[in-house]
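Next come the chains, spelled out residue by residue.
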Amino acid sequence: GKAQKVTFVLDWTPNTNHTGVYVAVEKGYYAEEGLDVTIIQPSDMGADAMVASGAAQFGVSYQESVTFARAENVPLVSIAAVIQHNSSGFGALKEKNIRSPKDFEGKKYGGWGSPVEEATIKYLMEKAGADPSKVEILSVGTADFFQASSSGQIDFAWIFEGWDGVAAKLKGIEIDYIDLGKTDPVFDYYTPVIVTSEDMIQNNGKMVEAFMRATIKGYLYAIEHPEEAAEIFIKAVPEADPELIRESQKFLADRYQDDAPYWGIQKKEVWQRYNDWLYENGFISEPIDVEKAFTNKFVE
Amino acid sequence: MDWLPVGFSLAILVTWYVVVTWHDVPEFILPSPVKVIEELIGSWDLLLEHTLVTISEAFLGLFISIVLGTAIGFAMGYFETFRRMVYPLFVMTQTVPLFVLAPLFILWFGFGILPKIVVVFMVCFFPIAVTFAQGLVQSDSGMDDLLSVMGATRWKIFRISRIPQALPHLFSGLKIAATYGIVGAVLAEWVGAQKGLGVFMTRAMKSFRTGVLFADVLIIVLLSMLLYKAVEWVERIVCRNITNGGKIT
Amino acid sequence: MDWLPVGFSLAILVTWYVVVTWHDVPEFILPSPVKVIEELIGSWDLLLEHTLVTISEAFLGLFISIVLGTAIGFAMGYFETFRRMVYPLFVMTQTVPLFVLAPLFILWFGFGILPKIVVVFMVCFFPIAVTFAQGLVQSDSGMDDLLSVMGATRWKIFRISRIPQALPHLFSGLKIAATYGIVGAVLAEWVGAQKGLGVFMTRAMKSFRTGVLFADVLIIVLLSMLLYKAVEWVERIVCRNITNGGKIT
Amino acid sequence: MEQIVAENVSKYYTVPPEKGGRNHERLQVLTNVSFRVERNEFVSILGPSGCGKSTLLRMLAGLDRDYEGTIRMEDVDLKKNRVPVCYMLQKDHLLPWRTLMENVLLPAEIEGADLKKEAEAVRPMLREFGLEEFENYRPHALSGGMRQRAALLRTYRMRGDIMLLDEPFGALDEITRMQMQDWLLDVWGKHRKTVVFVTHNIEEAILLSDRVLVMSPRPGTIVKDIRIDFQRPRNRDMLLGSQFLGYKKDILASLG
Amino acid sequence: MEQIVAENVSKYYTVPPEKGGRNHERLQVLTNVSFRVERNEFVSILGPSGCGKSTLLRMLAGLDRDYEGTIRMEDVDLKKNRVPVCYMLQKDHLLPWRTLMENVLLPAEIEGADLKKEAEAVRPMLREFGLEEFENYRPHALSGGMRQRAALLRTYRMRGDIMLLDEPFGALDEITRMQMQDWLLDVWGKHRKTVVFVTHNIEEAILLSDRVLVMSPRPGTIVKDIRIDFQRPRNRDMLLGSQFLGYKKDILASLG
Ligand SMILES: Nc1ncnc2c1ncn2[C@@H]1O[C@H](COP(=O)(O)OP(=O)(O)OP(=O)(O)O)[C@@H](O)[C@H]1O
Ligand SMILES: Nc1ncnc2c1ncn2[C@@H]1O[C@H](COP(=O)(O)OP(=O)(O)OP(=O)(O)O)[C@@H](O)[C@H]1O
Ligand SMILES: [Mg+2]
Ligand SMILES: [Mg+2]
């Protein structure tokens, strides 16, 4: 029969977190499942509202974002963890000498303006015995890490190791990196994740299954053949820096699945821990029912 | 006070309310106006705090735009060569997508109030300068001739005839600037700031509080309309004499 | 062709180049113009592909804005009550931050070309409608009187006297619309799309290719200026007779 | 039969407050103006500058209904309805973006007549008006007198049996003025129109009119209604006769 | 001594292409105009409508330097420099947003004179001009004749020994016109100005002038230069004398 139209919304610009999906498109895995997938690049409002409202069927999000969404009764469900462990953290140019949360004191942090960042930094500094009131938190919005730090506007920022970290290496810029996932288990949450709506799962389960079958194939391919996957991605997204893609792809190949039994699996305790932390810090007024926030049904 | 648009707006609000409740539209797609008002009242103190920041940025930016816009608009009207030189460049600045440039402004000007003022200026300067220049350029040559026979210098011709005649134009530019001033500041904040309605907005958006987002937008709209009305009021006072009788030339 | 602004622009480019190479400014903060041109040539085919998408969105949006803007501007000039009713609302639409609303448009109108056209429309409609309406409203009452004595209906008075007299105003609105049309489409793409200069832009930005980003901005600026010049050209043809002699009234 | 009947017409303008900022004032411009004009009559109105002549003509054209008293034209109350007239304002009001010809074609255009035909009909008249070379000129490139003649020609092409002319020859030299006077008399005689003619030229008024109405200074009212008994067609020789001088003295006396 | 010397002045206008779209054409407006005006002389210019009188006055005012031939005023070549004159255009050119008084104060304002004093000096003249009540009116609320008088008053307040007047009395009734003529003669006599006066009224020209220049139709040139030998001060009785009629016939003959 005719292929079913499916819209997949990214979280931001295409990057190596999305390689599996691009591979599945290019290699025809979706077509085999009878799906015609369109990939959309959104603004920094992200994919959540679009997926929840049914404007798109699937999208990329983060555990944090799904938690906020569910706290506001937005019917979003995470159906796969793209990367097993949080691969983001705090980066700073070498000369800034920021190697642990202790060193945040007296420095300028450049973020995207979310209160969660502030709370995270505060939490880490307190834990390390530093004075959180001594860090200056600035919002740089869409300005990027390198621009902001080398122009002296900020000292450190929240970066993705597999992207900004790799880019730094390529540019020959030396940086220090504090892996957030390793600082405290609570911060080893899932980012990014693939999401869909409750409505899709209830009324269109077949499509979700088909979509995920193909997506899994895509990511497994990326895990096994990082070089080929990188080339496929570069072909699909020629606007990005090819060198950066290749290096980033190499970096991520082992981290998609990492120590998990299979790609995409999500653990309840990870969801519960972070949910509790958000609740304790007052970001959500009610703890959410984490069982409903994610499902492994489609990756098992 | 003209009640017609007020009534019309109310009608739209009611329709909005009815549609939203009737079709049971989820809040994150489109909150009902009642919800928006609730959020407005609920987050009042927080909103106020952010609003004050935005207002101060917008006002400073507008002030500078008005001063420089009028001055450069005048220079463009007065010096033909200057106009020919810079006018296409000014048009160009308007075709540059600001939401792309705004992050660079942060790099260039830091995180303080400066990049916000620059964005407001980029948005508001152009309409003021251009409308004023256009008003100054179109002239009644007979009147100019007469004044020059009276011994008026170019400057006096402008002061006596061209500037008054250009004032209604200038005010239409000022009204455009008033319309966009607040939005400009919000855009700048949205791209990177610590406080202000733009920051508040991104936060509301990220936490799916569309009701609060709309309350935020509502404040922006009300502020802008207030500014607009203020300019209109000044215009009425300043141009009363000029446009009296309905015809300026 | 006026070479003065061209020369002036070149001077600015040279200064830019000298400053960047002299101070050794890193590319990701401010690329040199040479680098931008290199990137423009290097990514030419890719840029072209995205450009075509953006152009088609902008043109469709502009077309609709021109048709509806002129029609509604006319209605506002013609029907006093209609103007009083909708004018404040139109002003309001301009004070709403579009970059906030644009994502909602996607929720409402889907991912196709529709939300892009809506954004372009929101940006371009207002200046067209408002300038036209303003031009229509200001009248030489003596001329209106004379025509009505000749038995002209209100419609004929508009056709014969008011519309020609409002044309220069309309064109100043059209020029504003031309200036903002492309940027509007880019903004809409930036908020969510598959293709187009806005998409290209964010991708370039996120892979730290500031040179490509500037090449992208350059295309946007050139396209907008081209559109602007096109409108100016049509204006010269249409208004030649009206403004001949330098004075319209 | 009377075609125009004005009875006790008074007119006030509301004047914007003075510099000092006092309240709005009322300026009385016309007071108890009453007169009648018969069908096919040629009536001139003379009066000091500012006495309300143009104001009165505006009322007759149906453009100003804000007055006391009544004006009836062809038995129509002008406060309620309009009657088509040929009206020429004191200012020329030519559309600056139209050529002379296009301006003259306006009445035809408004009536939806055939413009080609109308242009053919107008062209010989352009010659008669000394404007044939300037058919394609725009108003700003015409001299003051040429603009006035263009406006007059346009007025003539309007539909209506009544011509209301506000100083139509004010900007013309003596010779051109005479030609235009002859033309007007000819038109009036052939087409049997009713003419209300505001002028400052006493001789012109006597030469052309059946009756001359003399107005007082503002607030204007009609102080004298003089019947001119010269037979028609008239010629300029009568300008030297004693009867003519008598009329002239009479008018001058009532004017000043 | 001669204050104004015009020699072989010719003037062409470039006319925009006609509807048909032909090339730009040249319209000759003045051809070989030569005349001299002595200091304190009162010279009138008469000529058919469109012959180039306003164009010539624009040149004398130094506003148009695009002509052939030379014009010298007080030994200054007008193509190179300007001489301050009192100039009144055919259109009134009052600033619509200024009151009558503010318009009349314009020359003083431009010279940077004391406006209070100037207003005091102007106020009695407003009375003389029949405008005293309208000091605070804006032009749109004035009648045509009132606007013209305001423009004349403004012209009088300009600095310069030479007055260039383009049909200053065209919109005035006979009585007001006489008052204004008397006023002008008075000003001319007292302040010993040189006057170049464009008019359509032959009697007025004879009554006021030392010399009358008669122009031919376009392309205009001076076809007659008539010295009026009445003694001064003049009165209106001479209008009835045979010498006057002689002048008039003479002028009429050379006009058409
Ligand atoms: N700007 C212009 N462009 C082209 N032709 C012009 C222009 N101004 C005037 N003319 C022409 O020059 C001729 C003389 O005009 P001018 O105004 O000097 O006449 P005039 O003698 O003052 O006539 P009038 O008594 O009617 O005022 C006219 O034929 C007119 O059409
Ligand atoms: N719109 C207006 N508002 C206030 N006053 C006005 C208005 N129009 C005319 N007037 C006044 O009405 C009076 C009569 O004006 P009108 O134009 O009728 O005079 P007129 O007899 O035609 O004079 P003229 O011979 O000078 O043309 C004048 O005093 C004038 O100031
Ligand atoms: Mg009048
Ligand atoms: Mg003239």
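Presented here is a report on the structure given in the accompanying data block. (Residues numbered from 1 in each chain as written. Chains lettered and ligands numbered in written order. Predicted model: local features only at pLDDT ≥ 70, side-chain atom pairs only at ≥ 80, totals over all residues. Heavy atoms only, no water.)

1. Notes on the site of ligand 1
Inclusion rule: Any residue with a heavy atom lying within 4 Å of a molecule or strand is counted as near it. Distance and chemistry together define a polar contact, namely a pair of N or O atoms within 3.5 Å, with one atom able to donate a hydrogen and the other to accept it when in protein, and with adjacent residues in sequence counting only for side-chain atoms on both sides. Counting from the N terminus, the helices are the DSSP runs of H or I reaching at least four residues and the strands are the DSSP runs of E reaching at least two. Residues were grouped as follows: Ala, Val, Leu, Ile, Met, Phe, Trp, Tyr, Cys and Pro as nonpolar; Asp, Glu, Lys and Arg as charged; and all remaining residues, including Gly, as polar.
Around ligand 1, 21 residues are found, and the nearest of them are Ala141, Ser143 and Gly145 of chain D together with Ser54 and Thr55 of chain E. At ligand 1, the nearby residues belong to more than one chain, namely chains D and E. Gly145 of chain D is positioned with one of its backbone polar atoms (N or O) 2.7 Å from an oxygen atom of ligand 1. Separating an oxygen atom of ligand 1 from a side-chain N or O atom of Gln90 of chain E is a distance of 2.9 Å. Within the residue set of the shell around ligand 1, elements represented by two or more residues are α5 (144-156) of chain D together with β2 (25-38) and α1 (53-60) of chain E. Of the residues in the shell around ligand 1, the class split is eight nonpolar, 10 polar and three charged.

2. Focus: the coordination of the magnesium ion (ligand 4)
We count it as follows: Sites may look incomplete, because water is not among the atoms used; the donor set itself consists of N, O and S atoms within 2.8 Å of the metal (3.2 Å for Na, K and Ca).
Around the magnesium ion (ligand 4), the protein contributes the donor atoms Ser54 of chain E (OG) and Gln90 of chain E (OE1), which lie 1.9 to 2.2 Å from the metal centre. With Ser54 of chain E in helix α1 and Gln90 of chain E in the loop between β6 (86-88) and α2 (100-104), this residue pair connects regions lying 36 residues apart in the sequence.

3. Focus on helix α5 (residues 98-109) of chain C
Residue and element names in this part refer to chain C. This is how the line gets drawn: Burial status follows relative accessibility: with a 1.4 Å probe on protein chains alone, a residue under 20% of its type maximum counts as buried, one over 50% as exposed, and anything between as partly exposed.
Of all 12 residues that make up α5, 10 are buried, and the element is covered over most of its length. Those residues of α5 not exposed but buried are Leu98, Phe99, Val100, Leu101, Ala102, Pro103, Leu104, Phe105, Ile106 and Leu107. Within two residues after α5, Gly110 carries a phi angle of roughly 85°, on the positive side.

4. A look at the site of ligand 2
Our working definition: A 1.4 Å probe and the Shrake-Rupley method give the accessible areas. Residues count as covered only by the protein chains that appear here.
In the vicinity of ligand 2 there are 21 residues, among which Ser54 and Thr55 of chain D together with Ala141, Ser143 and Gly145 of chain E approach most closely. One finds residues of chains D and E in close proximity to ligand 2. Thr55 of chain D places a side-chain nitrogen or oxygen 2.5 Å from an oxygen atom of ligand 2. Within the contact set of ligand 2, an oxygen atom lies 2.6 Å away from a side-chain nitrogen or oxygen of Ser143 of chain E. In isolation ligand 2 exposes 640 Å². Once the protein is present, 91% of that is buried.

5. Some details on the coordination of the magnesium ion (ligand 3)
All names here are of chain D. Within the protein, the atoms that donate to the magnesium ion (ligand 3) are Ser54 (OG) and Gln90 (OE1), at distances of 1.9 to 2.2 Å. By relative accessible area, Ser54 is classed as partly exposed at 25%. With relative accessibility at 26%, the residue Gln90 sits in the partly exposed group.

6. Overview of the interface of chain D and chain C
Note the threshold: By definition, residues are in contact when any of their heavy atoms lie within 4.5 Å. Buried area is understood as the total, over both parts, of accessible area removed when two parts are fitted together, assessed with a 1.4 Å probe. Each reported salt bridge corresponds to a side-chain nitrogen of Lys or Arg within 4 Å of a carboxyl oxygen of Asp or Glu.
The interface is formed by 22 residues belonging to chain D together with 24 residues belonging to chain C. Between chain D and chain C, the buried area comes to about 2,000 Å², and carbon and sulfur atoms account for 64% of it. Looking at the side of chain D facing chain C, the largest losses of area belong to His93, Trp97 and Ile110 of chain D, adding up to 35% of the total buried there. Scanning the region where chain D abuts chain C turns up two salt bridges. Close ionic contact of Glu109 of chain D with Arg159 of chain C constitutes a salt bridge, the shortest N to O distance being 3.8 Å. Across the chain D-chain C interface, the total number found is three residue pairs in polar contact (both at pLDDT 80 or more).

7. Topic: the packing of helix α1 (residues 19-26) of chain A against helix α11 (residues 226-236) of chain A
Residue and element names in this part refer to chain A. Operational definition: Orientation is described by axes fitted as lines to C-alpha atoms, over the contacting stretch for helices, and by angles from 0 to 180 degrees between their N-to-C directions. For this classification, under 35 degrees means roughly parallel, over 145 means roughly antiparallel, 65 to 115 means roughly perpendicular, and everything else is oblique.
In the contact formed by α1 and α11, the axes pass within 9 Å of each other and the chain directions differ by 80°. Relative to α11, the element α1 is oriented roughly perpendicular. Counting all contacts with α1, which are made through Thr19, Tyr22, Val23 and Glu26, the residues of α11 involved are Ala229, Ile232, Phe233, Lys235 and Ala236. Its residues assigned to classes, the contact of α1 with α11 shows six nonpolar, one polar and two charged.

8. A short note on empty space enclosed by the protein
What counts is decided by this rule: Points on a 1 Å grid over protein atoms alone make up a cavity when a 1.4 Å probe fits among them but cannot get out, and a pocket when they form an open set with protein on both sides within 12 Å along at least five of seven lines; lining residues each have an atom within 4 Å of a point. Grid points are joined across faces, edges and corners, and a volume is the space filled by probe spheres set on the points.
All told, the structure shown has seven cavities of 30 Å³ or more when counted by the stated rule. In this structure, the largest cavity occupies an estimated 590 Å³ of space. In terms of lining residues, the largest cavity is bounded by 23 residues, among which Val123 and Tyr180 of chain B together with Val123, Tyr180 and Leu187 of chain C are the most central. Mapped by element, the contributors of at least two residues to the lining of the largest cavity are α4 (80-95), α5 (98-109), α6 (114-137) and α8 (154-191) of chain B together with α4 (80-95), α5, α6 (114-137) and α8 (154-191) of chain C. Across the lining of the largest cavity, the residue classes break down as 17 nonpolar, six polar and no charged. Roughly 70 Å³ of internal volume is contained in the second largest cavity.

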